[in-house]
Amino acid sequence: MNIHEYQARRILAGLGLPVPRGEVAATPEQAREIAERLGVPTVVKAQVLVGGRGKAGGVKLAASPDDAAARARDILGMQIRGITVRQVLVSEAVDIASEIYLGIVLDRASRGVALMASAEGGVEIEEVARQSPDKVLRVAVDPFLGLADYQAREIGFGLGLEPGLVRDFVPIARGLYDAFVRCDASLAEINPLVVTTSGHLAAIDAKMVLDDNALPRHPELESLRDAAAENPDEARARAAGLSYVKLDGSIGCVVNGAGLAMATMDVVKLYGGEPANFLDIGGGARAERVAAALGILLSDPSVRVVLFNIFGGITRCDEVARGIVGTLRELATDLPIVVRLVGTNEAEGRRILAEAGLVAVADMDDAARGAVAALGGVPEGRP
Ligand code: GDP
Ligand code: MN
């Protein structure tokens, strides 16, 4: 689960990190009042659960309360990467001398947590990592000892900070690590952590991704969920009991089992396609869950081909077939649908599909190849 910048800032401020004061507004009038209360130049920031708000025009400086109201009027209602802005954060503006990236991430390769930092902050860290990997500093954190002072200090010096600022940097890095652990996060990021022109550090952006599987341990965090601001398809998928992650490609995949879903995405890529999503319908999915999955993919305009990859065990092929056929009866579509169906009740599943004019293949490679080949017949940006 993603939380908003203002929510993540609150968590970090609560742990003593230097976060500029700020409040959330839903109207230009409220933005004006907040700016008046703060009594200083402000920055008005779209609160949406996607990055790159600055580039999209969702972060604007305001010299006066009137100005803050005007900027809020510009930003509220704006669309950023398909999401409508409903709230803005009005925060004390700072004068920036330089911008640092600081993040605590899950490092699957080392099976641990890592602190990452770069003196090239402000921009997306993935971009920095691609173009100049040597500018990204990294340190593995021992899960039992936590982030040690010396490690944070080393990173601080590596960033080129003055000794005085290194001293201020250490508790910030440790505080961010603390937030990460306490909240069961999978990501905690300050981008940018800025050096102000007056020589202080300030965390002016904050991002946290919380591990959904740990939310039952944190009712206070679960209540931060902003369903209206989430990707509507992901919200719909969660409600239907599906694990779904939207991706950038054009082949929509419906698969039973997370491992098989990963393998399916790999095979799609192997044959030159790009998956439009990760989607796991789970074990023993009934027709309704299959229907929900297919419904989500058919309503996604970037999906040009649907690929089912079902390896029936607890999941029954006939149930899957019923889900597919039932959905197509309600949602007519011209999109090619490629089905790989093997395992429990396979023959019955094939019979149900055949009645509806669909043929299932037995081989995963054939299915992926077929899905990629079918792309040729479907134009991009279908209505
Ligand atoms: P993001 O684009 O979604 O990551 O939003 P950020 O909160 O990181 O803001 C984007 C950029 O706006 C930052 O990298 C800064 O350059 C700029 N910015 C944000 N807040 C301030 C501020 O208080 N003062 C100044 N001068 N620039 C700011
Ligand atoms: Mn940022």
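What you are looking at is a predicted structure, and each value in this text was computed from that prediction instead of being measured.

Observations regarding the overall build of the protein chain
Counting secondary structure elements, the protein chain contains 13 helices and 19 strands. Projected onto its principal axes, the C-alpha coordinates of the protein chain cover approximately 75 × 45 × 40 Å. A total of 383 residues make up the protein chain; the buried ones form 50% of that total. For the protein chain, restricting intrachain contacts to residue pairs at least 6 apart in sequence, the fraction spanning at least 24 positions comes to 67%. Accessible area of the protein chain: about 18,000 Å², with a carbon and sulfur share of 52%.

Observations regarding helix H11 (residues 317-330)
Helix length check: H11, at 14 residues, gives a terminal C-alpha distance of 20 Å against a target of 20 Å (1.5 Å per residue), a fit within 8%. For H11, the set of buried residues is Cys-317, Asp-318, Glu-319, Val-320, Ala-321, Gly-323, Ile-324, Val-325 and Thr-327. Considering only its buried residues, H11 is in contact with helix H10 (287-298), strand S17 (305-312), strand S18 (337-343) and helix H12 (346-355).

Some words on the sheet that holds strand S7 (residues 88-92)
Read from one edge of the open sheet, four strands run S2-S7-S3-S4, paired in antiparallel fashion. Since the sheet does not close on itself, it has two edges, and those belong to strand S2 (22-25) and strand S4 (59-62), each with one partner. Averaged over all pairs of adjacent strands, the angle between their axes in this sheet comes to 25°, without regard to strand direction. One ladder, built from five bridges, connects strand S3 (residues 42-46) with S7; its direction is antiparallel. Bridge pairing in S7 links Ala-46 to Val-88. Across the sheet, helix H1 (residues 5-14) lies against S2, S3 and S7, angled at about 40° from S7, the strand it touches most.

Here we look at the site of ligand 1
Within the structure, ligand 1 sits among 16 residues, and Lys-45, Arg-53, Gly-54, Val-94 and Glu-99 are positioned closest to it. At 2.7 Å from a nitrogen atom of ligand 1 is found a main-chain nitrogen or oxygen belonging to Val-94. When ligand 1 sits alone it has 560 Å² of accessible area, and the protein chains cover 80% of it. For the shell around ligand 1, the secondary structure elements donating two or more residues are S3, S4, strand S8 (96-107) and strand S11 (185-196). Its residues assigned to classes, the shell around ligand 1 comprises eight nonpolar, four polar and four charged.

Overview of the pairing of S18
Regular strands show a simple pattern: their side chains alternate between the two faces of the sheet. With six of seven residues buried, S18 lies mostly within the body of the structure. Bridge count between S17 and S18: seven bridges; the pairing is parallel. Paired with Ile-310 across the bridge in S18 is Leu-341. Remark: the S17/H11/S18 crossover connection has right-handed handedness. The sheet contact formed by S18 and strand S19 (residues 360-361) spans two bridges and is parallel. Looking across to S19, one finds that Val-339 is bridged to Ala-360.

Focus: the domain arrangement of the protein chain
Segmentation of the protein chain into domains returns domain 1 (21-92), domain 2 (96-222) and domain 3 (231-374). Domain 2 and domain 3 are separated by 38 Å when their C-alpha centres are compared.

Examining the coordination of the manganese ion (ligand 2)
Protein coordination at the manganese ion (ligand 2): the donors are Asn-191 (O) and Asp-205 (OD), at 2.1 to 2.2 Å from the metal. One end of the pair, Asn-191, is in strand S11; the other, Asp-205, is in the loop between strand S12 (201-203) and strand S13 (207-210), and 14 residues separate them in sequence. Classification of Asp-205 as buried rests on a relative accessible area of 18%.

Rules used in this analysis
Throughout, residues of each chain are indexed from 1 in the direction in which the sequence is written. As a convention, the first chain written is A and the first ligand written is 1, with the rest following in written order. Side-chain atom pairs in this predicted model are given and counted only at pLDDT of 80 or more, local residue features only at pLDDT of at least 70, and totals for whole chains, interfaces and linings cover all residues. Neither water nor hydrogens contribute to the side-chain values; these are computed over all heavy atoms in the structure. Think of it this way: any DSSP run of H or I at least four residues long counts as a helix, any run of E at least two long counts as a strand, and we number them from the N terminus. Relative accessibility decides the category of a residue: with a 1.4 Å probe and only protein chains considered, values under 20% of the type maximum give buried, values over 50% give exposed, and everything between is partly exposed. In this analysis, two residues are considered to be in contact whenever any of their non-hydrogen atoms come within 4.5 Å of each other. Note on areas: these come from Shrake-Rupley sampling with a 1.4 Å probe, and a residue is covered only by the protein chains present in the view. By definition here, a helix of n residues has an expected span of 1.5 Å times n minus one. Pairing between strands requires that DSSP locate at least two bridges from one strand to the other. The axes used here are C-alpha line fits, helices contributing only the stretch in contact, and every angle between their N-to-C directions lies in the interval 0 to 180 degrees. One heavy atom within 4 Å of a molecule or strand makes the whole residue count as near it. Residues adjacent in sequence count toward polar contacts only when both atoms are side-chain atoms; beyond that, a polar contact is any pair of N or O atoms within 3.5 Å, and within protein one must be able to donate a hydrogen and the other to accept it. Three categories are distinguished: nonpolar for Ala, Val, Leu, Ile, Met, Phe, Trp, Tyr, Cys and Pro, charged for Asp, Glu, Lys and Arg, and polar for the others, with Gly belonging to the last. Whether a crossover is right-handed depends on one test, that the path from the first strand over the helix to the second runs clockwise when the strands point away from the viewer. Each domain's limits were defined by an automated method or a database of domain assignments. Note: metal donors comprise N, O and S atoms at 2.8 Å or less from the metal (3.2 Å for Na, K and Ca); water molecules are not included, so apparent gaps in a site are possible.

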